[in-house]
Amino acid sequence: MKGQCRCGEVTYETSRDPVFSGYCHCHACQKRSSAPCTGFVMVPWEGSTLSGETRTYQDLGGSGQPVVEHSCIKCGSLVLMELKVLDNIVAIMASTLEGPNDFIPESHVWLSSQDKRFEIQDDLLKQQGPPKQMALYLARKPV
Ligand SMILES: [Zn+2]
Ligand SMILES: [Zn+2]
């Protein structure tokens, strides 16, 4: 998978398979994107590359754990976030992905803060809190 910010200054590439893809409805995502939810793909970052200058900002994720956001210094697009609580996993913002089939969402998460004015009409798994898939992934993660 590869992708870039709006202006092309920041690009990234990963050969890893996603461990989770979905829509996050947490307050932090609503604020950072000014949208009811954001689409994201979580991948192990090892062996991936991020090129171009990013501005970093440390914020708190849905679980109250630190996340480091990387945004383009020119156009300001948020490209990806390092999830400090999940060792070496990054959340790529789906809107920056190049391939139309790179984002295959499997679930909605953090629906506890869903903007109810937007009705969900898909049949994806609905989770009130964080993705349970990540807990499973961490449990079987090779050390
Ligand atoms: Zn840019
Ligand atoms: Zn979120």
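This report concerns the structure included in the present document. (Residues numbered from 1 in each chain as written. Chains lettered and ligands numbered in written order. Predicted model: local features only at pLDDT ≥ 70, side-chain atom pairs only at ≥ 80, totals over all residues. Heavy atoms only, no water.)

## Regarding the overall build of the protein chain
Counting its regular elements, the protein chain contains two helices and 11 strands. The helix and strand sequence of the protein chain, counted from the amino end, reads β-β-β-α-β-β-β-β-β-β-β-β-α. For the protein chain, whose C-alpha radius of gyration is 14 Å, the value lies close to the compact-globule estimate of 15 Å for 143 residues. Across its three principal directions, the C-alpha atoms of the protein chain cover 40 × 35 × 30 Å. Taken over 143 residues, the protein chain has a buried fraction of 43%. Pairs at least 24 residues apart make up 55% of the contacts formed inside the protein chain by residues separated by at least 6 positions. As displayed, the protein chain has an accessible area near 8,100 Å², and 50% of this comes from carbon and sulfur atoms. In the protein chain, the 14 positive side-chain charges and the 16 negative ones have mean positions that sit 5 Å from each other. (Helix = DSSP H or I, 4+ residues; strand = E, 2+ residues; numbered from the N terminus. Rg over C-alpha atoms; globule rule 2.2 N^0.38 Å. Buried < 20%, exposed > 50% of the residue type's maximum accessible area, 1.4 Å probe, protein only. Contact = heavy atoms within 4.5 Å. Areas by Shrake-Rupley, 256 points an atom, 1.4 Å probe, with all protein chains shown as cover. Lys, Arg positive; Asp, Glu negative; His and termini not counted. Charge placed at Lys NZ, Arg CZ, Asp CG, Glu CD.)

## A few points about the coordination of the zinc ion (ligand 2)
Only Cys 24 (SG), Cys 26 (SG) and Cys 29 (SG) from the protein coordinate the zinc ion (ligand 2), and they sit 2.1 to 2.3 Å from it. Each donor residue of the zinc ion (ligand 2) belongs to the same chain, and together they define the spacing C-x1-C-x2-C. For the pair shown, Cys 26 and Cys 29 are each scored as buried. (Donors = N, O, S within 2.8 Å, 3.2 Å for Na, K, Ca; no water.)

## Concerning the sheet that holds strand β7 (residues 66-72)
Pairing is mixed in the open sheet, where eight strands are placed in the order β6-β7-β8-β9-β4-β3-β10-β11. Of all strands in the sheet, those bounded by a partner on one side alone are β6 (54-60) and β11 (125-126). Pairing of strand β3 (residues 20-24) with strand β10 (residues 107-109), which is carried by three bridges, proceeds in the parallel orientation. Residue pairing in the sheet places Cys 24 in a bridge with Val 109 of β10. (Pairing = 2+ DSSP bridges.)

## Looking at the nonpolar core
Counting 20 residues, the largest nonpolar core has Cys 24, Phe 40, Met 42, Leu 83, Ile 89 and Met 134 as its most contacted members. Judged by nonpolar contacts, the second largest core, of 14 residues, contains Trp 45, Cys 72, Val 90 and Ile 92. (Core = buried A, V, L, I, M, F, W, Y, C linked by side-chain atoms within 4.5 Å.)

## Focus: the pattern of salt bridges
Think of it this way: side chains of opposite charge can pair up when their charged atoms draw near. For the structure on display, the rule yields five salt bridges. Between Lys 74 and Glu 9 there is a salt bridge whose closest N-O contact spans 3.4 Å. In this pair, Lys 74 sits in the loop between β7 and β8 (78-83) while Glu 9 sits in the loop between β1 (2-4) and β2 (11-13), placing the two residues 65 residues apart along the sequence. Using a relative accessible area of 62% as the deciding quantity, one classes Lys 74 as exposed. Residue Lys 84 is joined to Glu 82 by a salt bridge in which the shortest nitrogen-to-oxygen separation is 3.4 Å. (Salt bridge = Lys/Arg side-chain N within 4 Å of Asp/Glu carboxyl O.)

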